[in-house]
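Structure assessment
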Amino acid sequence: MKYLKISNLLLLLTVSFYLLNCTKNNKTKIEKENNTYVIKNVNVIPMTKNSDVIENATVVIHNNKIESINDSIPPEATIIDGKDKWLIPGLIDMHVHTLSNGSFSQGYATRGSTVNFNTQNLMTPYIANGVTTVFELSGRLGHFSQRDKIMGKSVIGPRMAIAAVIDGKGNEIKATTPIEGRQSVRNAKGLGYRFIKVYTWLKEETFKAVIDEAEKQNMKVVGHIPTAFDGKPAEDLFVPHFGLIAHAEELSKQTNDYSYEKAQEFARLAKENNTWLIPNLSNMVWISKQAESLESIQNLPSLKYVHPLMKSKWLNSNRYHGASPKLIEFYNKQKDFHIQIVKAFKEAGVPMLAGTDAGISGIVWGFSLHDELQLLVEAGLTTEEALASTTRLPAEWLEIGDKIGTIETGKFADLILLNKNPLENINNTRTISGVFVNGKWLDKNEIDTMLLKVAEWNNANKEKYDWKNRKNL
């Protein structure tokens, strides 16, 4: 009887192990099947150089990548109807400031963050607007944590390129001498940064040392033109390996001559130095708006997706509001000059990349990129050039053009399905039917549900956050 019980137990264990394996295999099979999508009869705007629209195409996505275009359809795939729709690469915002956990007071040695943000809530506005890659220009260690969550798929969010800020004053990394500047670059590389952002208060020699060291460390440089260059010849601003200017304002701050000829001079020097530009027209447009009135922010439809702490800052501690008429006039002159800069840089053939300064008051993450594209077209770019500024060209500058930025086989499936053709009207980038984020499909209903959760959380917690009381959080 004892031996029979042992035999029965062994039989039970064998059957259980078999059933467990079957279940596991079936689960794996289902996961693989659900990771294959086919978009049928869609008009593809591939955004490759000199490429034409591919009409009524069949696009197969498998294991997070574009497997084929106009090839056979695999069995058991999820079919997405693309009839009369338009497929474009996911958008890239090349200038963002994403919130991350931290503290507004020094506290004690073992104290952790006092302000913690829900990472998914921060990333949802990006994804809802088809922004599948961002360039974080105020890099902190918290952003690496966010990126890991996204790559680990516990959070649905954009790919994140992160730049370390080196400045002469109180930013994340401080450098007051060339020696400190060089060591700061090496330290940043050791922490895992791939990009350096130079900032406003660097001394001239430290600025040059940082850029030189970044080149030695194979790190690209983006950023501001320091005030140390004020009043100096324009050619002094363009230091070799200074690869990307963070916004047109950096140029308008260097001159009182807002003529087209001056814009052409900047463009010529940028071309010769291989320095690209993020026009960031949104920046000065919003500075001008809120300097005159806060109604522009109060009436923003996307304000409900802004964390209540930042909403409090934008509305109750706004540093631009209340500017003098003379300062407002100055802002408006800069805003107009930035349009001249875009025209001159286009004429000179200098690549321009779409970036918004998202996180600055009035500039809402994700939503702002569509506004920036509209401003770029109004400034003189064609719709195709505007799309290139937020797809292929940013991917090229970030040196990930082999992975994203165009619709080609083998690349990651970061894609937007639109209801209308953005080549006819750039505002059609807003007509989102669905988004692929690293191969994960989110249709409009799911996107709206995700946005609703963000808005509901923000509204439910609005009384807990007051910018003026932030040190007590």
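Residues numbered from 1 in each chain as written. Predicted model: local features only at pLDDT ≥ 70, side-chain atom pairs only at ≥ 80, totals over all residues. Heavy atoms only, no water.

Focus on the overall build of the chain
Within the chain, the regular secondary structure consists of 15 helices and 16 strands. Against the compact-globule benchmark of 23 Å for 473 residues, the chain has a radius of gyration of 25 Å, which places it among compact chains. With the C-alpha coordinates of the chain rotated into their principal frame, the extents come out at 95 × 60 × 50 Å. A buried classification covers 53% of the 473 residues belonging to the chain. Residue pairs in contact within the chain that sit at least 24 positions apart in sequence constitute 74% of those at least 6 positions apart. When the accessible surface of the chain is totalled, it reaches about 22000 Å², and 50% of it is carbon and sulfur. The centroid of the 56 positive side-chain charges in the chain is displaced by 8 Å from the centroid of its 52 negative side-chain charges. (Helix = DSSP H or I, 4+ residues; strand = E, 2+ residues; numbered from the N terminus. Rg over C-alpha atoms; globule rule 2.2 N^0.38 Å. Buried < 20%, exposed > 50% of the residue type's maximum accessible area, 1.4 Å probe, protein only. Contact = heavy atoms within 4.5 Å. Areas by Shrake-Rupley, 256 points an atom, 1.4 Å probe, with all protein chains shown as cover. Lys, Arg positive; Asp, Glu negative; His and termini not counted. Charge placed at Lys NZ, Arg CZ, Asp CG, Glu CD.)

A word on the pairing of strand 2 (residues 54-62)
Both strand 1 (residues 36-44) and strand 2 contribute to a ladder of six bridges, which runs antiparallel. The partner of I39 across the bridge, within strand 2, is V59. As consecutive antiparallel partners, strand 2 and strand 3 (residues 65-69) are separated by two residues, and within that stretch N63 has a phi angle of approximately 50°, a positive value. (Pairing = 2+ DSSP bridges.)

Some remarks on the packing of helix 8 (residues 281-292) against helix 11 (residues 325-348)
Packed helix pairs are characterised by how far apart their axes lie and by the angle those axes make with each other. Between helix 8 and helix 11, the least distance of the axes is 9 Å, while the angle of their chain directions is 160°. Taken together, helix 8 and helix 11 sit at an angle that is classed as roughly antiparallel. In the crossing of helix 8 with helix 11, the sense of the turn from one axis to the other is left-handed. Contacts between helix 8 and helix 11 involve L281, M284, V285, I287, S288, A291 and E292 from the former and I328, Y331, N332, Q334, K335, H338 and V342 from the latter. (Axes fitted to C-alpha atoms, helices over the stretch in contact; angles between N-to-C directions. Parallel < 35°, antiparallel > 145°, perpendicular 65-115°, else oblique. Left-handed = near helix turned anticlockwise from the far one by under 90°.)

Considering the pattern of salt bridges
On inspection of all chains with the given rule, the structure shows 17 salt bridges. We note a salt bridge from E204 to K232, for which the minimum N-O separation is 2.2 Å. Here E204, found in helix 5 (residues 204-216), pairs with K232, found in the loop between strand 11 (220-223) and strand 12 (242-245); they are 28 residues apart in sequence, far enough to count as distant. For K232, a relative accessible area of 34% gives the class partly exposed. Put simply, E329 and K333 hold a salt bridge, and the shortest N to O gap is 3.8 Å. Taken as a pair, E329 and K333 lie in helix 11 at a separation of four residues, close to a single helical turn. Assessed through its relative accessible area of 44%, E329 is described here as partly exposed. (Salt bridge = Lys/Arg side-chain N within 4 Å of Asp/Glu carboxyl O.)

Quick word on the nonpolar core
If you look at the biggest cluster of nonpolar residues, it comprises 126 residues, and the most contacted ones within it are F135, I196, F345 and W397. Broken down by element, this core gets its largest block of residues, seven residues, from helix 11. Ignoring any residue separated from it by four or fewer positions in sequence, one finds W397 in contact with M94, F135, F195, K220, V221, V222, G243, L244, W276 and L353. One finds I39, V42, I66 and F436 within the second-largest nonpolar core, a separate group that totals 16 residues. (Core = buried A, V, L, I, M, F, W, Y, C linked by side-chain atoms within 4.5 Å.)

Looking at the confidence of the model for the chain
Per-residue pLDDT for the chain has a mean of 93; in total, 93% of the residues score no lower than 70. Scored below 50 in pLDDT, residues 1-20 makes zero contacts in the model with residues more than four places away or belonging to other chains. Counting interchain partners and residues more than four positions distant, the pLDDT-below-50 stretch residues 22-33 has three contacts. (pLDDT = per-residue confidence, 0-100.)

Topic: the environment of G380
Along the chain, G380 turns up in the loop between helix 12 (367-378) and helix 13 (383-388). What makes G380 partly exposed here is its relative accessible area of 31%. When the C-alpha positions of G380 and I45 are compared, they lie 21 Å apart, and in sequence the two are 335 residues distant.

With respect to the packing of aromatic side chains
Taken as a whole and assessed by the stated rule, the structure comprises 14 aromatic pairs. Judged by centre distance (5.0 Å) and plane angle (70°), the ring pair of F135 and F195 falls under edge-to-face. Taken together, the positions of F135 in strand 7 (residues 131-136) and F195 in strand 10 (residues 195-198) put the pair 60 residues apart, joining distant regions of the chain. Assessed through its relative accessible area of 0%, F135 is described here as buried. With a centroid separation of 5.3 Å and an interplanar angle of 70°, the aromatic rings of F207 and F229 are classed as edge-to-face. Of this pair, F207 sits in helix 5 while F229 sits in the loop between strand 11 and strand 12; the two residues are 22 residues apart in sequence, bridging distant segments of the chain. Over the ring of F412 we find R159, and its NZ or CZ is 4.2 Å from the ring centre. (Phe/Tyr/Trp six-rings, centres within 6.5 Å; stacked < 30°, edge-to-face > 60°. Lys NZ or Arg CZ within 6 Å of the ring centre and 35° of its normal.)

So, helix 3 (residues 141-151)
Listed in full, the buried residues belonging to helix 3 are H143, F144, Q146 and I150. One side of helix 3 holds all its buried residues, which, seen down the axis, span an arc of 160°. In helix 3, the exposed residues that point more than 90 degrees away from the buried face are L141 and D148. For helix 3, the secondary structure elements touched by its buried residues are helix 2 (119-128), strand 7, strand 8 (159-167) and helix 4 (178-191). (Arc of directions from axis to C-beta.)

Considerations on helix 7 (residues 260-273)
Its 14 residues give helix 7 an end-to-end C-alpha distance of 20 Å, which sits within 8% of 20 Å, the value for a rise of 1.5 Å per residue. Contacts made by the buried residues of helix 7 are with strand 12, helix 6 (249-252) and helix 11. Of the residues flanking the end of helix 7, it is N274, one or two places downstream, whose phi is positive at about 55°. (Expected span 1.5 Å × (residues − 1).)

Quick notes on the environment of K83
Its location among the elements puts K83 in the loop between strand 4 (78-81) and strand 5 (86-89). As a C-alpha pair, K83 and E55 span 28 residues in sequence and 9.8 Å in three-dimensional space. The contact partners of K83, leaving out residues within four places of it in the chain, are K40 and N41.

Structural notes on unusual backbone geometry
Phi angles above zero are rare outside glycine, and N64 is one such case at about 75°. Inspection of the secondary structure assignment puts N64 in the loop between strand 2 and strand 3. The class for N64 is buried, based on a relative accessible area of 15%.

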